[in-house]
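# Per-entry structural report
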Amino acid sequence: MRNLIRQIRARIPTFECRPGCTDCCGVVPWSPWEAARLGDRAALAAAGLEALAERAPERCPFAQSGRCAVYEERPVMCRLFGVVEDLRCPHGCGPQTLLTRAQARAILEDYFRCFNPMRKEESHASSLPCAR
Ligand code: SF4
Ligand code: SF4
């Protein structure tokens, strides 16, 4: 899974977000490999889930002080936001060349071949609050 996810990441263009913005940071699925890469930070996030759920149930706990606290390890779904022609940043940020819908679909098909986010035992979506 590690190599596959690394290859998928390499297919996704990057860009600079608006400073201090985490507006699109909601609840997203994490593959088991991505979640494992968080190490203790995943446990910390899970510990804060209850308080977070009361305060802002749709927010990712890693969105802290206007930035992603796990940016280098953010999951594929986070990397796709703002880089697809029909998944654009509301603030106009994004790479020079956006992925087409077909390219994004191909990436997602490969990604979800790694795990089944609908099966609790295969996904960390339910145990990791940031599952954007
Ligand atoms: S993609 Fe846009 S909305 Fe999302 S964090 Fe970056 S600047 Fe904010
Ligand atoms: S993990 Fe994703 S949703 Fe969470 S703060 Fe980082 S970019 Fe936002």
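Here the structure is a predicted model, which means the values were calculated and not measured. (Residues numbered from 1 in each chain as written. Chains lettered and ligands numbered in written order. Predicted model: local features only at pLDDT ≥ 70, side-chain atom pairs only at ≥ 80, totals over all residues.)

### Observations concerning the overall build of the protein chain
Counting secondary structure elements, the protein chain contains 6 helices and 2 strands. Taken from the N to the C terminus, the helices and strands of the protein chain come in the order α-α-α-α-β-β-α-α. Out of the 132 residues in the protein chain, the part that is buried amounts to 28%. (Helix = DSSP H or I, 4+ residues; strand = E, 2+ residues; numbered from the N terminus. Buried ≥ 20, exposed ≤ 12 C-beta atoms within 10 Å, placed from the backbone.)

### Some remarks on the site of ligand 1
Around ligand 1, the structure places C17, R18, C21, T22, D23, C24, F81, G82, C89, P90, H91 and C93. Residues belonging to the shell around ligand 1 are distributed by class as follows: 7 nonpolar, 3 polar and 2 charged. (Near = placed C-beta within 6 Å. Nonpolar A, V, L, I, M, F, W, Y, C, P; charged D, E, K, R; others polar.)

### Remarks on the environment of C89
With respect to the helices and strands, C89 occurs in the loop between helix 5 (76-80) and helix 6 (101-114). Exposure remark for C89: the 16 C-beta atoms within 10 Å place this residue in the partly exposed category. Each C-alpha atom of the pair C89 and R18 lies 9.8 Å from the other, and the pair is 71 residues apart in sequence. Excluding residues within four positions of it along the chain, C89 makes contact with G82 and G94. (Contact = placed C-beta atoms within 7 Å.)

### Some thoughts on the nonpolar core
Ranked by size, the top nonpolar core spans 19 residues in total, and within it V28, C60, V76, M77 and L80 carry the most contacts. Residue assignment for this core shows that the elements contributing at least two residues are helix 5 and helix 6. Leaving out residues up to four positions away in the same chain, V76 has contacts with I5, I8, R9 and Y111. (Core = buried A, V, L, I, M, F, W, Y, C linked by C-beta atoms within 7 Å.)

### Structural notes on unusual backbone geometry
Phi is positive for S65, close to 50°, though the residue is something other than glycine. With respect to the helices and strands, the residue S65 is situated in the loop between strand 1 (63-64) and strand 2 (67-68).

### A look at the packing of helix 1 (residues 2-10) against helix 6
Contact geometry of helix 1 with helix 6 gives a least axis separation of 10 Å together with a crossing angle of 160°. Here helix 6 runs roughly antiparallel to helix 1, going by the angle between their axes. Pair helix 1 / helix 6 crosses with left-handed handedness. Facing L4, I5 and I8 of helix 1, the residues of helix 6 in contact are I107, D110, Y111 and C114. Residues belonging to the contact of helix 1 with helix 6 are distributed by class as follows: 6 nonpolar, no polar and 1 charged. (Axes fitted to C-alpha atoms, helices over the stretch in contact; angles between N-to-C directions. Parallel < 35°, antiparallel > 145°, perpendicular 65-115°, else oblique. Left-handed = near helix turned anticlockwise from the far one by under 90°.)

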